[in-house]
Amino acid sequence: MATEDDNDNTAQALVEEIVRRITFDTRKPAVAFVPEESVKPDLLGSFLGGDSYWSPGGVPVTAEDSSPLYPLAQIRCSDLDLPGYPTQGLLQFLIGTDSLYGCDLSANYDSEAENGNRCVRYIPTVPEVLASDEVVTLPHIVRDPDRNIFTPFEKGFHGCALLAEHIEEAVNNECDEFDPAYERVINQFDPEMVAESEGVLGDVEQAVIDRMSAESAASWIQVGGYPVFTQSDVRADYDDELVLLKVDSYDDVLMWGDSGCANFLIRRNDLEQLDFSHVLYTWDCL
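Residues numbered from 1 in each chain as written. Predicted model: local features only at pLDDT ≥ 70, side-chain atom pairs only at ≥ 80, totals over all residues. Heavy atoms only, no water.

Q: Could you give an account of the pattern of salt bridges, naming the residues involved and the relevant values?
A: Taken as a whole and judged by the stated rule, the model has nine salt bridges. Between E112 and R118 there is a salt bridge; the shortest N-O distance is 3.4 Å. The two residues E112 and R118 agree in class, both being buried. Of the charged contacts, one joins E177 and R235 as a salt bridge, the two residues approaching to 2.6 Å between their closest N and O atoms. Within this pair, whereas E177 is found in the loop between β8 (160–169) and α2 (178–186), its partner R235 is found in the loop between β9 (221–224) and β10 (241–248), the two being separated by 58 residues in sequence. (Salt bridge = Lys/Arg side-chain N within 4 Å of Asp/Glu carboxyl O. Buried < 20%, exposed > 50% of the residue type's maximum accessible area, 1.4 Å probe, protein only. Helix = DSSP H or I, 4+ residues; strand = E, 2+ residues; numbered from the N terminus.)

What follows is the structure, given as C-alpha cells:
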C-alpha cells in the first residue's frame, strides 16, 4: 500500500516530468543582457539608460511636440546571434517623458507607425571611432510630476553597459502559448495518475507554473525568447511576433508603474525587412 510519502514523491516526479517536457517543447534562443552597473555606457555598444547616445549627424530624436526622446536602451547587433535578427548595426530604443513613457496602450502594430512619442531606430553601420559631434547629450531626468516629466529610471541612475549572454528560454504562464503547451503534455499522462497527484498537490498546473518560474532562464533585459506580461498577453498572433526587446522592472534602477515589464514586439516579416516603424511598444504592471 502506497504511503503518504510515496504519493507525494509520485506527484513531485510528475511535476518535474511535465516541466521537463514543456521546457523541451517550447524552448527558444534568446540573448540576456546583464547590467554592469559600475561600467559607464559605451555609446557605440549595448547599454541601458544614460544621458547621451550616438546619433548620425548629431541630430537628436524628438517627440511630436519637439521635446527630446530619451534613451531606454541600445543594443549593438553584433551582440546578437539569433535567427532572423540583424547581426550588425545598432538598435536604439527611445521613449517619451509623459506619464506613460511614450506608450500608447491602445495602439496596435499598424497604428504604431504614427506614434511619434517613442522611436525604435536602426542604424545599420557603426563607426569604428566615436565622433564627439555626433553625441546627443541630454539633461538627466527622473520622475518629476511637478514638471510633468517622467521616465521609468530611478533617481541617481545614469546608465550602464550591458553584457550579452546567450540563453534558451521556455514559455512562461503569462504568454498565450503556455496553456496549449501544458495541455499537450498533461494529456500524455494517465488521467488517474494526474487525479491522484491533484489530490496531493491541490493543483498540478499551478505546481508546474511555480516550478518553471523558479527555474526560468529569463533575464531582466532580453532580446528573443518570450515576452512577459503582468496583466494579459496583448499579442494577436503569437506565432508571428518576436521579442525585439524586453525590459523588466529592477530595484534601484527602473520601475514600470507597480513592478511592471515593457516589451517591444515586432512581426517576423517586418524584422526580416529591417522595418522598425511598426514595433509594438507596450508595458503593464500589477
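Q: Describe the packing of aromatic side chains, listing the residues and the values that go with them.
A: Applying the stated criterion to the full structure yields nine aromatic pairs. With a centroid separation of 3.9 Å and an interplanar angle of 25 degrees, the aromatic rings of W220 and Y250 are classed as stacked. Here W220 is found in the loop between α4 (204–215) and β9, whereas its partner Y250 is found in the loop between β10 and β11 (261–267), with 30 residues between them in sequence. On the basis of relative accessible area, W220 is assigned to the buried category, the value being 11%. Take Y250: its relative accessible area is 34%, and that puts it in the partly exposed class. A network of ring pairs unites the aromatic residues F93, F264 and Y281 as a single cluster. Lying across the ring of Y226, K28 places its NZ or CZ 4.4 Å from the centre. (Phe/Tyr/Trp six-rings, centres within 6.5 Å; stacked < 30°, edge-to-face > 60°. Lys NZ or Arg CZ within 6 Å of the ring centre and 35° of its normal.)

Q: Run through unusual backbone geometry, naming residues and quoting values.
A: Although it is not a glycine, S66 adopts a positive phi angle of roughly 75 degrees. Considering the arrangement of structural elements, one finds S66 in the loop between β3 (52–54) and β4 (70–76). On the accessibility criterion, S66 (57% relative accessible area) is exposed. For Y101, which is not a glycine, the phi torsion comes out positive at approximately 55 degrees. Among the structural elements, Y101 can be located in the loop between β5 (90–95) and β6 (118–123).

Q: Pulling in residues and values, what's your account of the sheet that holds β11?
A: Strand order in this open sheet of ten strands is β6-β5-β4-β2-β8-β1-β9-β10-β11-β12, and the pairing throughout is antiparallel. What marks the edges here is a single partner per strand, and that holds for β6 and β12 (280–284). The pairing of strand β2 (residues 47–48) with β8 spans two bridges and is classified as antiparallel. If you follow L48 over to β8, its bridge partner there is C160. (Pairing = 2+ DSSP bridges.)

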